[in-house]
Amino acid sequence: MKIVTDLFSSEIVIDTDIVSSVIIENPHVFMQLLKKIYNSVNGEEDGIILSDNNSIIKSSKYIELISSYVPFDINEKRLLNKINSLLEKEAINEVNYNDTMSILASIERFISKLSDLLPYIIDCSNINISSLIKMCGIAIYDDANSDIERIFNYMTLVRDLLGEKLFIFVNMHSFFMFSDIQLFIDTVIDHKFYVLLLDGNEYDKLENTRRFIIDKDLCII
């Protein structure tokens, strides 16, 4: 993958066998780049071009921008909605259809029985498998032993449920130890993730990274 922006001349190359790290020492340009990426993720054309194999692809579909680490919750609404959709599809397939209809009928009978205890007539016409699954409050079990492991688990969920993504992490060095980030980098490379690290300050170079430094005068180092 490649990212091209109108803020500076160099293109950012992202591969799965190495993690790209971009350090932008000019605070104004750093902020402008983040704004452009954020706007592009939200469907606005804003001076960011993402391509794969020389074909332009939608930033809103492929970029996952991560700038908040506290708290980091893997139970994101998009993921839960996708899981609910998958459960609903399983519930009405040929294997589970009869059981699903039996459960829904049983709930209707139970509600009808309860309604007999009331002094007025009620309607119970909205019972369906979708509402039943939502009522269960499905959540993803978080068994991570560390924050960095939780982030990796989240990345795995996103790719499994939503497809291939470019994960852009902002100022990760400000939140995690050097050794934790190195372990994270080695892990995402082993699992063939597309990852870009964006930082506003220079840090010691990590192994298995390709680093670009854009200084305050926008010169590429």
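If you're wondering where the values come from, they're calculated on a predicted model, not measured in any experiment.

J.: It is not clear to me how unusual backbone geometry should be interpreted in this structure. Could you clarify?
T.: With the exception of glycine, most residues fall at negative phi, and the peptide bonds are largely trans. With an omega of -15 degrees, the peptide bond between V70 and P71 qualifies as cis. Position of P71 among the secondary structure elements: in the loop between strand 6 (63-66) and helix 3 (77-91). Positive phi, normally seen in glycine, also occurs at N54, with a value near 65 degrees. Considering the arrangement of structural elements, one finds N54 in the loop between strand 4 (48-52) and strand 5 (55-57). Judged by its relative accessible area of 73%, N54 is exposed. The phi angle at K192 is positive, at roughly 60 degrees, despite the residue not being glycine. Summarising the element assignment, K192 is placed in the loop between helix 7 (178-190) and strand 8 (194-199).

J.: So what exactly am I meant to see when it comes to the environment of L50 here?
T.: Turning to its location among the elements, L50 is positioned in strand 4. On a C-alpha basis, the gap between L50 and I12 in space is 9.6 Å, while along the polypeptide they are 38 residues apart. If sequence neighbours within four positions are ignored, L50 has contacts with M1, K2, I3, S55, I56, I57, K58, S59, Y62, I63 and L166.

J.: What am I meant to see in the layout of surface pockets here?
T.: Using a probe with the size of a water molecule, rolled over the atoms, empty space left in the structure can be pinpointed. Of the volumes computed, that of the largest pocket is approximately 420 Å³. Around the largest pocket, the lining comprises 16 residues; the ones closest to its centre are E64, L65, I66, S67 and E76. Of all the elements in the fold, those that place two or more residues in the lining of the largest pocket are helix 1 (27-41) and strand 6. At four residues, the largest contribution of residues to the lining of the largest pocket is made by strand 6. Across the lining of the largest pocket, the residue classes tally to nine nonpolar, three polar and four charged. Of the pockets and cavities examined, the second largest pocket occupies roughly 180 Å³. The wall of the second largest pocket is formed by S40, G43, E44, E45, I48, I49, L50, I56, I57, K58, S59 and S60. Of all the secondary-structure elements, those providing two or more residues to the lining of the second largest pocket are strand 4, strand 5 and helix 2 (59-62). Counting residues per element, the lining of the second largest pocket draws most heavily on strand 4, at three residues.

J.: It is not clear to me how empty space enclosed by the protein should be interpreted in this structure. Could you clarify?
T.: Across all of its chains, the model carries one cavity of 30 Å³ or more by this definition. Estimates place the volume of the largest cavity at around 60 Å³. In terms of lining residues, the largest cavity is bounded by S21, I23, H173, D199, Y203, D204, K205, L206, T209 and R211. Looking at the lining of the largest cavity, the elements that each hand over two or more residues are strand 3 (19-24) and strand 9 (209-214).

J.: I would appreciate a short explanation of the side chain of N26 in the present structure.
T.: On the secondary structure map, N26 appears in the loop between strand 3 and helix 1. At 2.9 Å, the side chain of N26 and the backbone oxygen of K216 are in polar contact. Those residues in contact with N26 that sit more than four places away from it in its chain are I214, D215, K216 and L218.

The rules behind these values
- Residues numbered from 1 in each chain as written.
- Predicted model: local features only at pLDDT ≥ 70, side-chain atom pairs only at ≥ 80, totals over all residues.
- Heavy atoms only, no water.
- Helix = DSSP H or I, 4+ residues; strand = E, 2+ residues; numbered from the N terminus.
- Buried < 20%, exposed > 50% of the residue type's maximum accessible area, 1.4 Å probe, protein only.
- Contact = heavy atoms within 4.5 Å.
- 1 Å grid on protein atoms, 1.4 Å probe; cavity = no way out; pocket = protein on both sides within 12 Å on 5 of 7 lines; lining within 4 Å.
- Points joined across faces, edges and corners; volume = space filled by probe spheres on them.
- Nonpolar A, V, L, I, M, F, W, Y, C, P; charged D, E, K, R; others polar.
- Polar contact = N/O pair within 3.5 Å; in protein donor to acceptor, adjacent residues only side chain to side chain.

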